[in-house]
Amino acid sequence: MGEDFQRNQLKELKETALPCFQCGVCSSSCPVFRVSPELNPRLSVDSIISRGKVPSEGNEWLCAYCLMCDQRCPMGVSLAEILMVIKNISAREGKAPPDVIESAESLMADGCQSPISSRSEKQREDMGLPKLPRANPADVQMLFRATGAAEVVELNRKAVEEASE
Amino acid sequence: MKFAFFPGCTMAYRLPFAEKSIRMVAPHFDIELVDLAFTCCPEPNTVRALSDDTWITFAARNIALAEAEGLDILTACAGCHESLSLAKHELDKKPERKNKVNELLKGLGLEYRGTSKIVHMHQQLFDEIGIETISSKVVKPVPIKVVTHTGCHLLRPERILHVDSAEVPVKLDMLCEAIGMVPLDYMDKTMCCGAGVRKTNSVTSYAVLREKMTSIAMVEPDAIVVFCPTCFITFESGQRVANRIFGTDFKFPVFYYTELLAIAMNLPGMDILLAEHRVKIELPASAETKEERKTGAKDSIPSSP
Amino acid sequence: MPERRIGVFLCHCGSNIAGVVDLEVLRQAVENLPDVEVVSDYKYVCSKPGQKILKDSIKKHKLNGIVIASCSPRMHEPTFRQALREIGLNPFLLEIANIREHVSWIHADDPKAATEKAIDLVRMAIARARLLEPLEETEVTIKKATLIVGAGIAGISAALDLANAGFNVYLVEKEPSIGGKMSRWDKTFPTLDCSSCILTPRMAEVGNHENITLLTMAEVEEVEGYVGNFKVKIRQNPRYVDIEKCTSCGDCSDICPVDIPAEFDAFLTYRKAIYIPFAQAVPSAYVLDMDNCLGVEAVKCGKCEDKCEAKAISYDDKEKIIEVEVGTIIVSTGFDLFEASKKEEYGYGHFPNVVNLGEIERMLSSAGPTRGHVVKPSNLKEPKKIVYVQCVGSRDELSNKYCSRVCCMTAIKQARMIRDKTGATIYVFYIDLRTFGKGYEEFYESTAAAGVTFIRGRVGEILQNDETMSLTVRGEDTLLGKPIQLDDVDLVVLSTGVVAADATNKIAHALNLSISPDGFLLEAHPKLRPVDSFNDGIFVAGMAQGPKDIPDTVAQAKAAASGAMALMGKGKINVEPYYSVVDEDRCAGCQVCISVCPYNAVALNERGYAEVNPALCKGCGTCTSTCASGAISSQHYTDGQISAMIQEYLSTREGA
């Protein structure tokens, strides 16, 4: 599943990344790069343009998606969006971080990215806040499956379990 | 003005007191809030990172719910605001994506048309209601020194969101001034709080927060003012974790803007809400009025954390 | 009209055309069309043998209409017209079908369609050739005087070349002194020779030259006419000081009570309301800045007039309109520095210790506001740690896409000078160092050897510690892939790029000059006509045309001067007869044409009919298309010719 997806995405990635002349304003502006230099948006793009290869080390998962790189790129390249596509590719290779998978599973279960506890429901009630209407779980699961996320989650869940064995 | 209210998962279930403050001030500014069966916006760094199609479909469903009611969406969280706005931008720009999404939504009896606007509380207060109207509602100014953190996802991408200048944001500072606070300039004002990377690498996340907090600490504010529940939690709870990991000593009170607005408007019930804060602040005595402040009758100096 | 005998000549242009368009198919498609006497093809019709084939064919077949299918008429129309003249055929009986730029170059991927398009274009050209009329070229005299707009190093160099060759020059400058940006710069790269030491002798020469009329504080308001005969209206602002009488003693300035930030010193110091921009200014005379003057009545101030022994000051000085006639024009309006505050992440304008290249030049100048010392503006102390940020406002889709060319070398030069003078620690953040000129790379290497650190990477952001006013610079060493944060930086110099001056835009409007997308003036051909504009007799030189250093600027100035001299030396020029003519039998005298003509070329004659002045008319066709009774036609582009082409095109498609 990963390979086909990657091939399709790579062509588009190359096109979006092409104007980059490796000036380094993205990395210079990146708050994560400053503390964890493994995340270097410039090098992620470099891999795509000069080696025609989607980086596979998984460093892009460190991106906080703060869009500082996107804001300052002098060539109008949306670095954060490129990193997002790389994350999509990486997820299809079963490399998504476990906490990310958990969030997705929570969304699939009750429409919220973290589980809704009875305590927090109670707290809302105590404060006089209305009970929020919820989406129909069947609808949520249908959309999850139809858009391919369910498959990605299962794949990664399996990868996590294999790793723990 | 009637809105479909989108508090977002984080605010609704982890920061209900901030949501409460929005619901408290809203009627005073002719804002009527309607609750719909929204899901998570969804969050870019989890859902979108796994599957772009899933992200845009869920976002489209949320917007379509509001469209069906003929309402614009009022967001409270920077992340939700950015996620919904970006999805809307993409759907309005690319008919083929819109059609694909609508194929799925049809099964739920919904259609994304692109008729509803996405408005954040920040925009509604600053751009629509305006500083003057806000000041006019203040009965009990809050004379504390604050730093503001508008939040990455309200500022960028600037070309799509147009909330404030992405490099030199000033609007939240002006909103703070309007209710009697003194906003301080500080380094790294537009820098990320680190929340975005917490689920993938928590140590990195807290290292980013430490950098941000170090810059904030340099100007010694009484509190941090945010307009995003995720940033709120990162600052308030995150600083303790950062202290534990890095041996730092950050202990700043954090406020969601409308909490302070409600205080300044002297709305009843705020004490209960403030009790939920993990880092407390002693606010100036409640007896103080605008007139007293003007005449300098009571020069209240708030206590530092 | 005699019977039309048309010859069609198909050019291969090597393989440029023949490699795509099937010329044999093309030939067969057109050789049997009415009036076509002969069709021939040749490898290069523009070559000597090609022209001979053309001429022989004209003679042999008694041709009186020529169609050449080749490159753009912009390339070889003059060549072929000259060939026609030489063989005794009127040059306006020529029509060119552009089957290279419009066909083979852009449709190389589809030869079949390209050939079809070429056939269409040639058929249409033949249709027009049937109706072409012989026209007479009028010869005009060229006035032996040149207007030069802008008196920086480009305008000064061109003015001196022309004046020394014996031509009159009107040199117009909007500032109170000539000298431009070069007079503000301290040293020149890579030789580190003093900028004003090499410039000021040239300025003085301009001031004293008998063939140069210098008009400072003046701007070109309006230009009418055409090559050889331009009528120029110049507006000169009042100086309130008679430059003939002023002895530049400075008594007026000494007594003036007003202090204004000085433009010439990049606002780093103050000047008086009555002042001289700099010591070697030309004209060497003071100027009164009336906007900032306290008031000329004795009650308010009026001190300078009292004090002036030479009686040079006159508060009644008025704006003057000066009209001159010239044969040629050179535009050398220079550049402005990029407004660095637009890059908000660098804090220019907010953080006092973030400065631009121009400010450092003034600091480095021994005649400047700090007498040659580079200082931190926040406390006037010597900076120990300095960072240069390259490409601010250059190579940036968010501001200017182009490379400003001079900032790399200027930064290296400044860094070298500061390093040599004070031993400060200096970092230069660059994307690529562009050291393109003679001796430039060597200069960069010796500067690196002198201890200046060069780091490859664009700076992300600059932050200020409000308490200490020191700066933090964040970047990446992209060669190592490592983050760099420099703290406690005393001074950041933004290597601000160059942008087209506001004045350039204004003059382009007045002269109808084209501007390229970057905002600079567009030259007629980037390689072969680098200093010609698209308008005959008007030349461009220096930064007005695009970013360049001083040697290139002077080279262009000299080229523009020689272009102007070539025209004026010849004294006469043929003007293309593309003007409009009025058929008085059909003219109703309604005067609508007069109101729409952008060149004021139409007037009512004594018989009450519209009449076009061929010298002023540019053949734009506005009057032709406006005339309700169809009384006006544009010579060489008649309605009949155009509709014949359209009909020809449609004739093969009717019913389709």
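Residues numbered from 1 in each chain as written. Chains lettered and ligands numbered in written order. Predicted model: local features only at pLDDT ≥ 70, side-chain atom pairs only at ≥ 80, totals over all residues.

### What about the overall build of chain B?
Each helix and strand in chain B was counted, giving 17 helices and eight strands. Rg of the C-alpha trace for chain B: 20 Å, near the compact-globule value of 19 Å for 305 residues, within the 12% margin. The principal-axis extents of the C-alpha atoms in chain B amount to approximately 65 × 45 × 35 Å. The buried share among the 305 residues of chain B stands at 59%. Sequence separation of 24 or more characterises 77% of the internal contacts of chain B that already satisfy a separation of 6 or more. (Helix = DSSP H or I, 4+ residues; strand = E, 2+ residues; numbered from the N terminus. Rg over C-alpha atoms; globule rule 2.2 N^0.38 Å. Buried ≥ 20, exposed ≤ 12 C-beta atoms within 10 Å, placed from the backbone. Contact = placed C-beta atoms within 7 Å.)

### Some thoughts on the overall build of chain C
Scanning chain C from terminus to terminus reveals 17 helices and 34 strands. By its C-alpha atoms, chain C is 85 × 70 × 45 Å across when sized along the principal axes. Looking at chain C alone, contacts between residues at least 24 apart form 70% of all its contacts between residues at least 6 apart.

### Observations regarding the nonpolar core
Judged by nonpolar contacts, the single largest core of 287 residues is most densely connected at Ala159(C), Leu171(C) and Val492(C). Per-element accounting of this core gives the leading share, nine residues, to helix α4 (residues 52-68) of chain B. Counting 44 residues, the second largest nonpolar core, distinct from the first, contains Ile6(C), Leu54(C), Leu89(C) and Ala129(C). (Core = buried A, V, L, I, M, F, W, Y, C linked by C-beta atoms within 7 Å.)

### Regarding the interface of chain A and chain B
If you look at the interface, chain A gives 51 residues, while chain B gives 49 residues. Mapped onto the side of chain A that touches chain B, the elements with two or more residues apiece are α3 (31-35), α5 (68-72), α6 (79-91), α7 (98-110), α8 (118-126), α9 (137-146) and α10 (149-164) of chain A. A per-element tally of the side of chain A that touches chain B places α9(A) first, with six residues. In terms of residue class, the side of chain A that touches chain B is made up of 33 nonpolar, 11 polar and seven charged. (Nonpolar A, V, L, I, M, F, W, Y, C, P; charged D, E, K, R; others polar.)

### With respect to the sheet that holds strand β26 (residues 482-489) of chain C
Residue and element names in this part refer to chain C. Taken in spatial order, the three strands line up as β24-β25-β26 in an open sheet, and their pairing is antiparallel. Since the sheet does not close on itself, it has two edges, and those belong to β24 (461-464) and β26, each with one partner. In this sheet, adjacent strand axes meet at a mean angle of 20° when their direction is disregarded. Bridge count for β24 against strand β25 (residues 471-477) is four bridges, and the pairing is antiparallel. (Pairing = 2+ DSSP bridges. Axes fitted to C-alpha atoms, helices over the stretch in contact; angles between N-to-C directions.)

### Considering the interface of chain C and chain B
Each partner contributes residues to the interface: chain C has seven residues there, and chain B has six residues. Its residues assigned to classes, the side of chain C that touches chain B comprises one nonpolar, three polar and three charged.

### So, the sheet that holds strand β2 (residues 32-35) of chain B
Residues and elements named next belong to chain B. Taken together, four strands build an open sheet; the order of strands is β2-β1-β3-β4 and the sheet is parallel. Only two strands of the sheet have a single neighbouring strand rather than two, namely β2 and β4 (118-120). Neighbour-to-neighbour, the strand axes of the sheet open up by a mean angle of 40°, direction not taken into account.

### Focus: the domain arrangement of chain B
Residues and elements named next belong to chain B. According to the domain assignment, chain B contains domain 1 (2-121) and domain 2 (133-295). The distance between the C-alpha centroids of domain 1 and domain 2 comes to 24 Å. Of all the secondary structure elements, the ones that give two or more residues to the side of domain 1 that touches domain 2 are α1 (8-14), α2 (16-25), α3 (44-50) and α5 (78-93). Class assignment for the residues of the side of domain 1 that touches domain 2 results in 12 nonpolar, 11 polar and three charged. (Domains from an automatic or database assignment.)

### Considerations on the domain arrangement of chain C
Structurally, chain C comprises domain 1 (6-137), domain 2 (145-236 + 319-334 + 501-570), domain 3 (251-307), domain 4 (338-498) and domain 5 (580-635). Summarising the inter-unit geometry, the C-alpha centres of domain 1 of chain C and domain 2 of chain C are found 40 Å apart.

### Focus on helix α11 (residues 171-178) of chain B
In an α-helix, one full turn covers 3.6 residues, which means residues spaced three or four apart are oriented alike. All names here are of chain B. Where burial is concerned, most of α11 is hidden: six out of the eight residues are buried. Looking at α11, one finds that the buried residues are Lys171, Leu172, Asp173, Leu175, Cys176 and Ala178. Close packing links the buried residues of α11 with α7 (121-129), α8 (131-136), β5 (145-149), β6 (182-183), β7 (223-226) and α15 (257-264). Residue Gly180 follows α11 closely and has a positive phi angle near 95°.

### Things to note about the packing of helix α12 (residues 202-218) of chain B against helix α14 (residues 238-246) of chain B
Residue and element names in this part refer to chain B. For the pair α12 and α14, the least separation of the axes is 9 Å and the interaxial angle reads 100°. Of the possible angle classes, the one that applies to α12 and α14 is roughly perpendicular. Within the contact between the two elements, α12 uses Val203, Tyr206, Leu209, Arg210 and Met213 and α14 uses Gly238, Gln239, Val241, Ala242, Ile245 and Phe246. For the contact of α12 with α14, the per-class residue count stands at eight nonpolar, two polar and one charged. (Parallel < 35°, antiparallel > 145°, perpendicular 65-115°, else oblique.)

### Re the environment of Val32(A)
Mapped onto the elements, Val32(A) comes out in helix α3. If sequence neighbours within four positions are ignored, Val32(A) has contacts with Leu39(A), Leu62(A), Cys63(A), Ala64(A), Val197(B), Thr204(B) and Val208(B).

### Quick look at the confidence of the model for chain C
Chain-level pLDDT for chain C is 95 on average; 99% of the residues reach the 70-or-more range. Scoring the predicted complex yields pTM 0.85 and, for the interface, ipTM 0.95. (pLDDT = per-residue confidence, 0-100.)

### A few points about unusual backbone geometry
Note: most residues except glycine have negative phi, and most peptide bonds are trans. All names here are of chain B. In this model, Cys41 is joined to Pro42 through a cis peptide bond whose omega is 0°. Following Arg156, the chain continues into Pro157 via a peptide bond in cis, with omega recorded as 0°. Topologically, Pro157 is positioned in the loop between α9 (152-155) and α10 (158-161). Of note, Asn266 is a non-glycine position whose phi angle comes to about 60°, a positive value. Following the sequence through the fold, Asn266 ends up in the loop between α15 and α16 (270-274).

### Re the packing of helix α6 (residues 153-164) of chain C against helix α14 (residues 550-570) of chain C
All names here are of chain C. Two elements in contact, α6 and α14, have axes separated by 8 Å at closest approach and are oriented at 40°. As α6 runs across α14, the sense of the crossing is right-handed. Residues Ile153, Ala154, Ser157, Ala158, Asp161 and Leu162 of α6 form the contact with α14, whose own contacting residues are Ile550, Thr553, Val554, Gln556, Ala557, Lys558, Ala560, Ala561, Ala564 and Met565. (Left-handed = near helix turned anticlockwise from the far one by under 90°.)

### So, the confidence of the model for chain B
Parts of the prediction with low pLDDT should not have their coordinates interpreted in detail. On average, chain B scores 92 in pLDDT, and the residues at 70 or more come to 93%. Overall, residues 289-305 of chain B carries pLDDT values under 50, and its contacts beyond four positions in sequence, including any with other chains, amount to 29 contacts.

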